[in-house]
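# Topology and contacts: notes
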Amino acid sequence: MKIKWGVIGCGGIADRRTLPGMMLADNAELVAVMDADKAAADRVAAKYGAKYAFDNYDELLKLDEIQAVYIASPVFCHKEQCIAAAKAKKDILIEKPMGLTVAEAEELAAVCEAEGVKLGVGFMMRFHSYHQKMRELIAAGKLGEIVSARAQLTCWYPEMENCWRQERKLSGGGAMMDMGIHCIDLIRYITGQEIAEVKGMVGNQIFKYSVEDAGAAIYKLENGALCYVDANFNIPDAVAKCKIEFYGTKGSIFAEGTISQVEGGRMEVLCVDDAGGYDAAQDRGEIKPLEINVEFGNMYTKEIEAFGRAVAGEGEIPVTAADAIASQKAIEALY
C-alpha cells in the first residue's frame, strides 16, 4: 500500500534530504507540496513529480487523497500547521523539535490524540544501521552495564540575515536544540534509558545571535550512567568528527561520522569476557574488535517507510511524540 503524502515546507531539509529519500520509498507517493514561496513550491513539485503546488497549507489539507503530511517548516510554524493537519484528519510526520517549547509540543501531541491522528517525529538518525546495531549490542549485554556515553554534533553556522534558526523566538533554541537534541535522542534510543538529571552550560563564544552557538551537558541516566553531549554552531564542518561513544563494564563502542545526514562513518566495538582484577599498570593490551557487518541505506527513506507502515496500520510509530518531548525536556532543563 502506497501512502499518499503532502509536504508542508519545501526548503532546507525537505528538498535536500527527505524528499529524495521519499522518492526511494516503496510505500510512498508524493501528491502535493506547499511553501510560502510559490516559486519554490512549483520548483520542488516539478523536481519530484508532485501533482499540486500551493503557497498555503489550507489548500493542501483540503485534498482528500492525501493521507499523511510531512511538516518541515521552521519551528515557529509547527503549532499552527500541525493543529490544522490534525483537524483535517491527516497523519503527521513533523521535524524536530516539535514546538518552540515543551509545553507547545505537549499541546500538539494532545491535539493529535484528540483528533485520532498519528504523530511521528523526524529523528532520522535512529535509522542509521550502525546506531541500530549499537542498540542491539547493548540490549544483548555485550557491553555489560553502561556507565558512560558521549556524543557530539557540530557545524559552522555564521551570522546571516533573516535566519530563523538564529532567533530564539523562532527556533526555541540554538546549537543544543537544533543539533544536540539528536545526540540526546540517540543516547536514549541506543541505551534504552531515560534521563534522570541534567547539568551543563550554554552560551555564545563566537557569534552574537540570540541563541547559543555552543552548549555542553552532562546527563545522568536512570541506571546512573553519565552521558556527555556537546553541540556547536562555531566549529568548521571540515574539522569535525561528530563522534558517539558508549562504555560499559565489559566493552565499548566508538563511532565517528555516523551522526550525520548521510548514512556512513565507521564503528569499532571492543569487548572482554571478564574484566578481571585490578591492574596497577593499567595495561591496555590490544583487543581484536568485533566484526560488525551492516548494510548502509538512506535514513530518510527508512524513516518514511517506517512511518508509512504505521499509517497503514502495519507497524508502530517509529519515533513518537513522547520520545521527542523527553529529549526536548532535557534541553529545556539545561537552558
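Further up the page is the structure itself.
For the structure given in this document, a descriptive report is provided here. None of the values given here were measured: they were computed from a predicted structure. (Residues numbered from 1 in each chain as written. Predicted model: local features only at pLDDT ≥ 70, side-chain atom pairs only at ≥ 80, totals over all residues. Heavy atoms only, no water.)

## As for the packing of aromatic side chains
Any two aromatic rings considered together are summarised by their centre-to-centre distance and by the angle between their planes. Considering all chains together, one arrives at seven aromatic pairs under this definition. Relative to F233, the ring of Y209 has its centre 6.4 Å away and its plane inclined at 75°; by these criteria the two rings are edge-to-face. With a gap of 24 residues between them, Y209 in the loop between β8 (195-203) and β9 (214-221) and F233 in the loop between β10 (226-232) and β11 (243-248) connect regions that are remote in the sequence. Y209 sits in the buried class, given a relative accessible area of 8%. Through pairs of rings, three or more aromatic residues link up here, namely W156, Y157, F207, Y209 and F233. Seen from the ring of Y335, R168 lies directly overhead, with NZ or CZ sitting 5.0 Å from the centre. (Phe/Tyr/Trp six-rings, centres within 6.5 Å; stacked < 30°, edge-to-face > 60°. Helix = DSSP H or I, 4+ residues; strand = E, 2+ residues; numbered from the N terminus. Buried < 20%, exposed > 50% of the residue type's maximum accessible area, 1.4 Å probe, protein only. Lys NZ or Arg CZ within 6 Å of the ring centre and 35° of its normal.)

## Remarks on the sheet that holds strand β5 (residues 91-94)
Taken in spatial order, the six strands make up an open sheet running β3-β2-β1-β4-β5-β6, and their pairing is parallel. Strand pairing shows two members of the sheet lacking a second neighbour, β3 (52-54) and β6 (119-121), which therefore form its edges. Between one strand and the next, the sheet's axes are offset by a mean angle of 25°, whatever the strand orientation. The strands touched by helix α4 (residues 75-87) within the sheet are β1 (3-8), β4 (68-71), β5 and β6, with β5 carrying the most contacts at an inclination of about 160°. (Pairing = 2+ DSSP bridges. Axes fitted to C-alpha atoms, helices over the stretch in contact; angles between N-to-C directions. Contact = heavy atoms within 4.5 Å.)

## Topic: the sheet that holds β11
Strand order in the open sheet formed by seven strands is β8-β9-β10-β7-β11-β12-β13, with mixed pairing between adjacent strands. Of all strands in the sheet, those with a lone pairing partner are β8 and β13 (266-271), marking the two edges. When strand polarity is set aside, the average angle formed by the axes of neighbouring strands in this sheet is 10°. In this sheet, β10 lies alongside β9 in antiparallel orientation, the contact comprising seven bridges. From the neighbouring strand, I218 faces β10, where its bridge partner is Y228. Docked against the sheet, helix α6 (residues 129-139) engages β7 (146-154), β11, β12 (251-256) and β13, running at close to 10° with respect to β13. Across the sheet, helix α10 (residues 321-334) touches β8 and β9, and the angle it forms with β8 is around 50°.

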